[in-house]
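# Observations on the model geometry
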Number of protein chains: 2
Amino acid sequence: MPTTLDYEGMLRSARLRVTRPRLGVLAAVHNLPHADTEAIIDAARTSLGDVSHQAVYDVLRALTAAGLVRRIQPTGSVARYDSRAADNHHHVVCRSCGAIADVDCAVGHAPCLTASDDHDYLIDEAEVTYWGLCPACRFAA
Amino acid sequence: MPTTLDYEGMLRSARLRVTRPRLGVLAAVHNLPHADTEAIIDAARTSLGDVSHQAVYDVLRALTAAGLVRRIQPTGSVARYDSRAADNHHHVVCRSCGAIADVDCAVGHAPCLTASDDHDYLIDEAEVTYWGLCPACRFAA
DNA sequence: CCGATTTTCTTGAATGAGTCAAGATCTCAC
DNA sequence: GTGAGATCTTGACTCATTCAAGAAAATCGG
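Rules and cut-offs
- Residues numbered from 1 in each chain as written.
- Chains lettered and ligands numbered in written order.
- Predicted model: local features only at pLDDT ≥ 70, side-chain atom pairs only at ≥ 80, totals over all residues.
- Heavy atoms only, no water.
- Helix = DSSP H or I, 4+ residues; strand = E, 2+ residues; numbered from the N terminus.
- Buried < 20%, exposed > 50% of the residue type's maximum accessible area, 1.4 Å probe, protein only.
- Contact = heavy atoms within 4.5 Å.
- Areas by Shrake-Rupley, 256 points an atom, 1.4 Å probe, with all protein chains shown as cover.
- Lys, Arg positive; Asp, Glu negative; His and termini not counted.
- Charge placed at Lys NZ, Arg CZ, Asp CG, Glu CD.
- Least-squares fit on C-alpha atoms with pLDDT ≥ 70 in both.
- Domains from an automatic or database assignment.
- Buried area = accessible area lost by both parts, 1.4 Å probe.
- Core = buried A, V, L, I, M, F, W, Y, C linked by side-chain atoms within 4.5 Å.
- Pairing = 2+ DSSP bridges.
- Near = heavy atom within 4 Å.
- Polar contact = N/O pair within 3.5 Å; in protein donor to acceptor, adjacent residues only side chain to side chain.
- Nonpolar A, V, L, I, M, F, W, Y, C, P; charged D, E, K, R; others polar.
- Salt bridge = Lys/Arg side-chain N within 4 Å of Asp/Glu carboxyl O.

### Thoughts on the overall build of chain A
A tally of helices and strands in chain A yields five helices and six strands. Listed N to C, the secondary structure of chain A is α-α-β-α-α-β-β-β-β-β-α in terms of helices and strands. Seen through its C-alpha atoms, chain A measures out along the principal axes to roughly 45 × 45 × 25 Å. The burial tally for chain A puts 40% of its 141 residues in the buried class. When contacts within chain A are restricted to residue pairs at least 6 apart in sequence, those whose partners lie at least 24 apart make up 45%. As displayed, chain A offers around 7,500 Å² of accessible surface, 52% of which is attributable to carbon and sulfur atoms. Side chains of chain A give 13 positive and 17 negative charges; the mean places of these two sets differ by 7 Å.

### Things to note about the relation of the copies chain A and chain B
Two chain copies here: they are related by a rotation about an axis and a translation along the same axis. By a simple turn and slide, chain A fits onto chain B: the slide is 0.0 Å along the axis, the RMSD is 0.1 Å, and the turn is 180 degrees. Within this description, the copies of the chain are treated as partners about a two-fold rotation axis. Across chain A, the smallest distance between a C-alpha and the rotation axis is recorded for A:Val128, namely 2.3 Å.

### Re the domain arrangement of chain A
Residues and elements named next belong to chain A. Structurally, chain A comprises domain 1 (4-81) and domain 2 (87-140). Using C-alpha coordinates to define each centre, domain 1 is positioned 23 Å away from domain 2. Contacts between the two partners involve six residues from domain 1 and, on the opposite side, nine residues from domain 2. Taking both partners together, domain 1 and domain 2 bury about 650 Å²; carbon and sulfur atoms supply 56% of that area. The largest share of the area that domain 1 buries against domain 2 comes from His34, Arg70 and Pro74, three residues that together contribute 71% of it.

### Topic: the nonpolar core
Counting 23 residues, the largest nonpolar core has B:Val25, B:Ile40 and B:Leu63 as its most contacted members. Elements represented by at least two residues in this core include exactly α1 (4-13), α2 (20-31), α3 (37-48) and α4 (53-66) of chain B. For this core, the leading source of residues is α2(B), giving six residues. Residues A:Val25, A:Ala27, A:Val56 and A:Val59 belong to the second largest nonpolar core, which totals 22 residues.

### Concerning the pairing of strand β6 (residues 122-133) of chain A
Where strand β4 (residues 90-94) of chain A lies against β6(A), four bridges are found, and the strand directions are parallel. Among the inter-strand pairings, A:His91 is bridged to a residue of β6(A), identified as A:Thr129. Bridge count for β6(A) against strand β6 (residues 122-133) of chain B is 11 bridges, and the pairing is antiparallel. The residue of β6(B) that forms the bridge with A:Tyr130 is B:Ala126.

### Comments concerning the protein's contact with DNA strand D
Taken together, 20 residues are adjacent to DNA strand D, and A:Gln54, B:Arg17, B:Thr19, B:Arg22 and B:Ser52 come closest. Counting only atoms of DNA strand D within 4 Å of the protein, the sugar-phosphate share comes to 63%. The separation between a phosphate oxygen of DNA strand D and a polar side-chain atom of A:Thr37 is 3.2 Å. Between DNA strand D and A:Ala79, the relevant distance is 3.2 Å, taken from a phosphate oxygen to a main-chain nitrogen or oxygen of the residue. Among the secondary structure elements, those contributing two or more residues to the surface near DNA strand D are α4 (53-66) of chain A together with α2 and α4 of chain B. When the residues that make up the surface near DNA strand D are grouped by side-chain class, the tally is eight nonpolar, seven polar and five charged.

### Notes on the interface of chain A and chain B
Each side of the interface is counted separately: chain A has 40 residues, and chain B has 40 residues. Both sides together, the interface formed by chain A and chain B hides about 3,200 Å², and carbon and sulfur atoms give 52% of it. A per-residue breakdown of the area chain A buries against chain B is headed by A:Tyr121, A:Glu127 and A:Tyr130, which together make up 20% of the total. At the junction of chain A and chain B, the tally comes to four salt bridges. In this structure, B:Glu125 engages A:Arg95 in a salt bridge whose closest nitrogen and oxygen atoms are separated by 2.9 Å. Elements represented by at least two residues in the side of chain A that touches chain B include exactly β4, β5 (100-103), β6 and α5 (135-140) of chain A. Tallying contributions element by element places β6(A) first for the side of chain A that touches chain B, with 12 residues. Partitioning the side of chain A that touches chain B into residue classes produces 22 nonpolar, eight polar and 10 charged.

Here you go:
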């Protein structure tokens, strides 16, 4: 679990100014995996006191642009944020309750990175989303 | 290019009632690959005259549930619809202009269908989205 | 340390895709 | 042809996200 000092270092490395809202949001994204914006706003307010929702939106955009967090948005879901931004991992999404879990790229054969016909697009990322039922929803059904 | 009769057959095969809005929307999805809802509404109105936007939303949901069209929604985009619903193909999305092209699953090794660790989810689909720049945007840059 | 500069945050309003609800209309099985 | 149930129309509404303008704070050169 990174400390406030670590978060400050991350921001500086990314050439971003260090502000309280940014530290709070960065901590929230690390503490709440795959949280949506509202949950992040709540968490930030708990740790910081007042923070405008607009500030959180701005911070999340800045952090995403800087590569410190990754924004994901499965079909039918609001935007969610992932603290594992560096590695190219993927996600499993529950069709029933929307729960999200991480899935590592199978090492050795990165099959998902090459398209069979790239249509002359210059591809820089392959995003994989697995759809199914999480354990809880399987047993509830 | 399917005819109105073909569309009628598709609807009946899916146990859906045959109505003018449904025929118009189905034709629009086939004529406009990867169109968003607004484009489909426009196309439907051109061919049918008045159709409420609510009817188009309802029809698209019914067609999606029946498996006649596929709904896709890349991060940061509004919902789009794909007439190739049966095969499990994927998409390349241009980061700059949002253009979408189809990418077939490489035959023989369906790598994208198995997660390295499924977290006990019951996975039924793997969705792959390739991100990059389309030819037009590459040359414009 | 201090002011200047530029970024970032606050406040408050607006946008727009998508949904909800109630009643009218149409499809289809009989 | 007729009835039951699905589907469409109209119109209002939700809510995640964005826009705008000014206030506050972070960094940098001195």
